[in-house]
2 protein chains.
Amino acid sequence: MSRTDYFRDPDAPPANSVVPSVTAVVRDERGNILLIHKTDNDLWALPGGGHDVGESIADTVVREVEEETGVAVVVEDIVGLYTDPQHVMAYDDGEVRQQFSICFRARPTGGTLRTSSESKEVRWVSPTDLEKLDIHPSMRLRITHGLDDSRAAPYIG
Amino acid sequence: MSRTDYFRDPDAPPANSVVPSVTAVVRDERGNILLIHKTDNDLWALPGGGHDVGESIADTVVREVEEETGVAVVVEDIVGLYTDPQHVMAYDDGEVRQQFSICFRARPTGGTLRTSSESKEVRWVSPTDLEKLDIHPSMRLRITHGLDDSRAAPYIG
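Conventions we followed
Residues numbered from 1 in each chain as written. Chains lettered and ligands numbered in written order. Predicted model: local features only at pLDDT ≥ 70, side-chain atom pairs only at ≥ 80, totals over all residues. UniProt positions renumbered as here; feature names shortened; annotations may be inferred. Helix = DSSP H or I, 4+ residues; strand = E, 2+ residues; numbered from the N terminus. Pairing = 2+ DSSP bridges. pLDDT = per-residue confidence, 0-100. Buried ≥ 20, exposed ≤ 12 C-beta atoms within 10 Å, placed from the backbone. Least-squares fit on C-alpha atoms with pLDDT ≥ 70 in both. Contact = placed C-beta atoms within 7 Å.

An unreviewed UniProt entry lists chain A under the name ADP-ribose pyrophosphatase YjhB (NUDIX family), with Streptomyces netropsis as the source organism. Checking UniProt for chain A, the heading Sequence similarities (unreviewed entry) contains the comment "Belongs to the Nudix hydrolase family." According to its UniProt record, chain A has this under Cofactor (unreviewed entry): "Mg(2+)".

Q: Summarise the UniProt feature "domain: Nudix hydrolase" (unreviewed entry) in chain A; cite the residues concerned and give the values.
A: Taking the UniProt record as the reference, the feature "domain: Nudix hydrolase" (unreviewed entry) is found at residues 17-147 of chain A. Spanning residues 17-147 of chain A, this segment combines 18% helix with 44% strand, and its end C-alpha atoms are found 30 Å apart.

Q: Describe the sheet that holds strand β11 (residues 119-125) of chain B, listing the residues and the values that go with them.
A: Hydrogen bonding along the main chain pairs the strands of a sheet, whether they run parallel or antiparallel. Residue and element names in this part refer to chain B. Spatially, three strands are ordered β5-β4-β11 in an open sheet, and the strand pairing comes out antiparallel. In this open sheet, the two edge strands, each paired with only one partner strand, are β5 (44-45) and β11. Here two bridges tie strand β4 (residues 33-38) to β5, and the two strands are oriented antiparallel to one another. Looking at the pairing, I36 lines up with A45 of β5.

Q: Just give me the short version of the sheet that holds strand β3 (residues 21-26) of chain A, but keep the residues and values in it.
A: Residues and elements named next belong to chain A. The five strands are arranged β6-β3-β10-β7-β12 in an open sheet whose pairing can be described as mixed. With partners counted over all chains shown, the strands left at the sheet margins are β6 (48-50) and β12 (155-156), one partner each. Relative to β6, β3 runs antiparallel, the two sharing three bridges. Pairing of V22 across the sheet is with G49, part of β6.

Q: Describe the confidence of the model for chain A, with residues and values.
A: Looking at chain A, pLDDT values average 94 and 99% of them are 70 or higher. Confidence metrics for the complex model read pTM 0.93 and ipTM 0.91.

Q: Report on the environment of B:D129, specifying residues and quantitative values.
A: Residues and elements named next belong to chain B. Along the chain, D129 turns up in the loop between β11 and α2 (137-147). What makes D129 exposed here is the crowd of 12 C-beta atoms within 10 Å. Taking the C-alpha atoms as reference, D129 lies 9.7 Å from N32; in sequence the two are 97 residues apart.

Q: Outline the relation of the copies chain A and chain B, supporting the account with residue identities and numerical values.
A: You can overlay chain A on chain B at an RMSD of 0.0 Å; the transform is a turn of 180 degrees with a shift of 0.0 Å along its axis. Both copies are brought into coincidence by an operation consistent with a two-fold rotation axis. Closest to the rotation axis within chain A is the C-alpha of A:P20, separated from it by 3.6 Å. The overlap is high: 100% of the interface residues of chain A also sit at the interface in chain B, so the same surface is used on both sides.

Q: So what about unusual backbone geometry? Which residues, and what values?
A: Residue and element names in this part refer to chain A. Notably, D42 is not glycine yet its phi reads approximately 65 degrees, a positive angle. Mapped onto the secondary structure, D42 falls in the loop between β4 (33-38) and β5 (44-45). On the basis of neighbour counts, which here come to 9 C-beta atoms within 10 Å, the residue D42 falls in the exposed class.

Q: Tell me about the pairing of β4(A), and please be specific about residues and values.
A: Across six bridges, β4(A) lies against strand β11 (residues 119-125) of chain A in antiparallel orientation. Looking across to β11(A), one finds that A:L35 is bridged to A:R123.

Shown next as structure tokens:
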């Protein structure tokens, strides 16, 4: 299914749906961050995805990170809430979904790095290499918040 | 519309919907907490309600607290995420909504205390008086978390 992102775009269609979703900032013992090279839009991103009925939001994080990267994690903290009504995603079935994304910190506990249908590359990226990668501005904001250990409270936006 | 809460009840119907909602822990300068006496189920509760398409989650908090209590607030922090799939709410139109609630700390900035169609009493309650009030266990958990200033990270459940 194709997806078009509208970010503070006056031509964006009006949202008609909200589905809570998650992203995860997962760092290894050297401080590198787990990123995926997405199949659908060719951008680099934090692993994550939509909440399914019947699971807790921590379950969603664990499931999506495992599905997209092979890495097992436990959820530790909240990086922030990203619910900007001016960020919508239009799907070709007519759904226009307003961003409603919660970003978590999670700790790797095992698993083996692998790709998936949604992630053509999966990599532990050094924070100094982030500038070289093509990352959506809204995703880069979450990564910046997630790497900033001086933040006392989660971002609410 | 009537609503039935099922909390860790083996006879609960399966959830078929998720709507993000909020509650707010609002305290005055004496440390008292803003509670409403709900019209629909006769219980005491934190003010709050469901997220509407087109607003940020902080907008939801400000709107719901004002609607239910008359008090104007600014959102300051996250108390926790409450997404237990074993807590569902069944409505008489067939919707069975899984709990997906975010609890915030918010600071009062003005307004005038008043009731609403959803709140037959609105009161600043001393923490020492909380035991006397009839409060749902899932709501009492959020109040306990919200009053505990020693918590370093939000609850994730």
